[in-house]
Amino acid sequence: MMMCTAAPFALPAGLDSRAAPSMCGFDEGYDDAAEMDVLLGDIDLVVHAHTGLTPDPSAPPMPSAEFRAPPRRHDSYLEVLLRGIRSVKVAAPDDDDGPTTPVAELEAPFSYGDDDAAEGYDYCACTTGGFEMMKTASEKRPDPSEAYDGEIDATFRNMEKDPAERPLVDYLWTTQEGKMTMLDRAELVTWMYEFSRFGRFQLLPPGALHRAVSYVDRFLSAKKFDFDTQDIRLLGAVAAFAASKYDDRRTSWLLINADTIARDVGCTRREVIDAERDLVATLGYRLSGPTAYTFVEHFTRHDQDCSAVRSLAHHLANMTLLDYRCVPLMPSAVAAAAILVARCVVFNSATLPQEELWSEEMIKMTGYNTEDLADITETIYDMHGLRGVWPGCAQMMENCLYSYSLPPR
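If you're wondering where the values come from, they're calculated on a predicted model, not measured in any experiment.

Visitor: Would you mind going over a negative patch on the surface with me for this structure?
Guide: Together, Asp226, Asp228, Asp231 and Glu271 give the surface a local cluster of negative charge. One can find aspartate 226 in the loop between α7 (208–222) and α8 (229–247). Judged by relative accessible area, aspartate 226 falls into the exposed class, the value being 62%.

Visitor: Is there a simple way to think about empty space enclosed by the protein in this case?
Guide: Over the atoms a probe the size of a water molecule is rolled, and this reveals where empty space is left. All chains considered together, the criterion is met by 2 cavities of 30 Å³ or more. A volume near 370 Å³ is recorded for the largest cavity. As for the largest cavity, its lining consists of 27 residues, of which Arg166, Ser214, Leu321, Leu329 and Pro331 are closest to the centre. Counting residues per element, the ones that place at least two in the lining of the largest cavity are α5 (149–161), α7 and α14 (331–346). A class-by-class count of the residues in the lining of the largest cavity yields 13 nonpolar, 6 polar and 8 charged. When residues of the lining of the largest cavity are assigned to domains, at least three fall in each of domain 1 (166–283) and domain 2 (292–399).

Visitor: Which parts of the structure should I look at to understand α7?
Guide: It helps to recall that an α-helix has 3.6 residues per turn; residues three or four apart then point in one direction. The end-to-end C-alpha distance of α7 is 21 Å, a good match for the 21 Å that 15 residues give at a rise of 1.5 Å each. Counting buried positions over the 15 residues of α7 gives 13, a clear majority of the element.

Visitor: How should the nonpolar core be read in this particular structure?
Guide: The nonpolar side chains of soluble globular proteins are, as a tendency, buried together. One finds Met192 and Leu279 to be the most contacted residues of the largest nonpolar core, which totals 86 residues. Looking at this core element by element, the count peaks at 11 residues for α14. If you count residues domain by domain, this core takes at least three from each of domain 1 (166–283) and domain 2 (292–399). Residue contacts for methionine 192: discarding those within four places in its chain leaves Leu209, Ala212, Val213, Val216, Gly236 and Ala239.

Quick notes on the rules
- Residues numbered from 1 in each chain as written.
- Predicted model: local features only at pLDDT ≥ 70, side-chain atom pairs only at ≥ 80, totals over all residues.
- Heavy atoms only, no water.
- Patch = residues over 30% accessible without salt bridge, like charges linked within 9 Å, V, L, I, M, F, W, Y side chains within 5 Å.
- Areas by Shrake-Rupley, 256 points an atom, 1.4 Å probe, with all protein chains shown as cover.
- Salt bridge = Lys/Arg side-chain N within 4 Å of Asp/Glu carboxyl O.
- Lys, Arg positive; Asp, Glu negative; His and termini not counted.
- Charge placed at Lys NZ, Arg CZ, Asp CG, Glu CD.
- Helix = DSSP H or I, 4+ residues; strand = E, 2+ residues; numbered from the N terminus.
- Buried < 20%, exposed > 50% of the residue type's maximum accessible area, 1.4 Å probe, protein only.
- 1 Å grid on protein atoms, 1.4 Å probe; cavity = no way out; pocket = protein on both sides within 12 Å on 5 of 7 lines; lining within 4 Å.
- Points joined across faces, edges and corners; volume = space filled by probe spheres on them.
- Nonpolar A, V, L, I, M, F, W, Y, C, P; charged D, E, K, R; others polar.
- Domains from an automatic or database assignment.
- Expected span 1.5 Å × (residues − 1).
- Core = buried A, V, L, I, M, F, W, Y, C linked by side-chain atoms within 4.5 Å.
- Contact = heavy atoms within 4.5 Å.

Here you go:
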């Protein structure tokens, strides 16, 4: 079978079609140059028929000097273009009932170990009937994203240490001059939690609460705030708004906007817009710092078989948001401590050896040993002991997916 690579185009009216079968049909004696001469000769005849000029039969099939005179020199470019095209001859199939198009063997995509159906398949055959997997003795290839684990981890660690992404460790007494207490902050975080979980915005992206609380802490570290119940809730709402847009803009726009915030907080739409502008400007438009939620996901990314540990660790990390003592801590340390306590709960630390609860692999992945996390784990235990006293503790524990109790210290 003969296949021509020339792109289809409309031939001028009156063009002799005798060149078409020779260009696209099967011919053992096929000659590109000869066929191009025939085609250009036909074009020459048509052009002279339109211009009234009679060509010399003995002359080569080229446009006349009059036709090639400016500004109509473009036909010489057409000749060069057509002569530059070369056809590709493909052998006809032996079986008349076979496919009329060639069979191309395409390399199959990498198997990352999740698709059992693709195991052992190295390439696929593409035919007119679809794709057919061709069985070969291939092995699963490693996930290429693992090659970037070190760079991702280093980026997160550098970002969490960036002073521009961190709140002041004592902003309640310095920037706010003691007008806001740790209890006031806990009540604000509780309101943001209830607001995002049970209010109009209950479907905000996962992790938006951590990012929103981080925005509030950084804002209050940089700017003195005149506290009013409506103003402080407006700050929490626009922080949740900005955080949700950063994490998942499509989802957030369906659930939250300036009008819904104004209705729920009790202010005007203009006040909401102005408050959001003030927030992001005070943060220096730096909204991407990693949080404890980010690190819980990062540290458990390869432990896909234990979703209970991950879910409980997220819950414990949420509870640390209520405690102002955790503000100076690195998000990676908070996440590691939450995972450690979650593993103690899920795997029963009373029966499992310490080296299995927090193995060398976990130490290498998180960068913390159990001694480094002792103070943070004590804080997590303290928050559970204050369930009936500290704002937000009871609500978060009641909303946890698991009914659990912490093992003895």
